[in-house]
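# A look at the structure
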Amino acid sequence: QVQLVESGGGLVQAGGSLRLSCAASRSIFNFNDMAWYRQAPEKQRELVAIITGGGTTNYAEAVKGRFTISRDFAENTVYLQMNSLKPEDTAVYYCKARPDYGPIAWGQGTQVTVSS
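So, a few notes on the structure that sits alongside this text. (Residues numbered from 1 in each chain as written. Predicted model: local features only at pLDDT ≥ 70, side-chain atom pairs only at ≥ 80, totals over all residues. Heavy atoms only, no water.)

### Details of the state of the cysteines
Here is the rule: Disulfides are defined as pairs of cysteine sulfur atoms found within 2.5 Å of each other. Secondary structure elements follow DSSP: runs of H or I no shorter than four residues count as helices, runs of E no shorter than two count as strands, and numbering proceeds from the N terminus. Three labels apply to residues, based on accessible area from a 1.4 Å probe with only protein chains included: buried if under 20% of the type maximum, exposed if over 50%, partly exposed otherwise in between.
Under the definition given, this model contains one disulfide. At a sulfur-sulfur separation of 2.1 Å, the disulfide partner of Cys22 is Cys95. Given an S-S torsion of about -80°, the disulfide between Cys22 and Cys95 has left-handed geometry. Within this pair, whereas Cys22 is found in strand E3 (residues 18-24), its partner Cys95 is found in strand E9 (residues 91-98), the two being separated by 73 residues in sequence. Exposure remark for Cys95: the relative accessible area of 0% places this residue in the buried category.

So this is what it looks like as C-alpha cells:
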C-alpha cells in the first residue's frame, strides 16, 4: 500500500506563493496519475490539478495560470506550486495517487490559509 506524506501548507498573504509537496513511500515512476484536490469549509472536495503517467497536466479553471503540478521521480514526490494566491484558495489540500498496482492512496491533508 502506497503512503503519501504532505508538507508545505501554511498561512500566506494574498498575492503570495506556497509550494506543497507530496512524498510517496515508493517509486512513482509507473503511477497512472497523481493529483491534488482541495476542500474548503462546507464545500465539496474538488480536483485542482492532475498529472498523468505520460506527463500530461490538467487544471481546474479557477487555478489555471497560477498553479503548476510537477513531479520528481528521484524524490518520489509530486509538487503543487501555488502563485498569486487568493483568499478563495483557502482550503485543506489533499494529495491523491493512482498507483500502477495497489489501492488508490490519499494523503492526510494540509491546511492552506490565504489572508487578505
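### Details of the pattern of salt bridges
Spelled out, the test is: We define a salt bridge as a side-chain nitrogen of Lys or Arg found within 4 Å of a carboxyl oxygen belonging to Asp or Glu.
What the rule picks out here adds up to six salt bridges. Between Asp100 and Arg26 there is a salt bridge, with its nearest N and O atoms 2.9 Å apart. One end of the pair, Asp100, is in the loop between E9 and strand E10 (105-106); the other, Arg26, is in the loop between E3 and strand E4 (33-39), with 74 residues separating them in the sequence. Where Lys64 meets Glu61, a salt bridge forms, and the shortest distance between an N and an O atom there is 2.7 Å. Classification of Lys64 by relative accessible area gives partly exposed; the value is 44%. Here Glu61 falls in the exposed class, since its relative accessible area comes to 62%.

### A word on the environment of Asn76
Quick note on the threshold: The contact criterion used throughout is that any non-hydrogen atoms of two residues lie within 4.5 Å.
Mapping Asn76 onto the fold places it in the loop between strand E7 (67-72) and strand E8 (77-82). With 50 residues separating them in the primary sequence, Asn76 and Arg26 have C-alpha atoms 6.6 Å apart. Ignoring anything within four residues of it in the chain, the contact list for Asn76 reads Cys22, Ala23, Ala24, Arg26, Ser27 and Ile28.

### Here we look at the packing of aromatic side chains
What counts is decided by this rule: Two rings from Phe, Tyr or Trp (for Trp, the six-membered ring) form a pair when their centres are within 6.5 Å of each other. A pair whose planes differ by under 30 degrees is stacked, one over 60 is edge-to-face, and the rest are tilted. Any Lys NZ or Arg CZ that is within 6 Å of a ring centre and within 35 degrees of that ring's normal is treated as a charge sitting over the ring.
In total, this model carries two aromatic pairs according to the counting rule given. Between Phe29 and Phe73, the aromatic rings sit 5.0 Å apart at their centres with planes inclined by 65°, giving edge-to-face as the arrangement. Residue Phe29 is located in the loop between E3 and E4, and its partner Phe73 is located in the loop between E7 and E8; the two are separated by 44 residues in the primary sequence. Each ring, one from Tyr37 and one from Trp106, has its centre 5.1 Å from the other, and the planes form 55°; the classification is tilted. Placement of Tyr37 in strand E4 and of Trp106 in strand E10 is noted, with a sequence separation of 69 residues between them. According to the relative accessible area criterion, Tyr37 is buried, its value standing at 16%. The exposure class of Trp106 is partly exposed, given its relative accessible area of 37%. Cation over ring: Arg45 sits above Trp106, and NZ or CZ is 4.9 Å from the ring centre.

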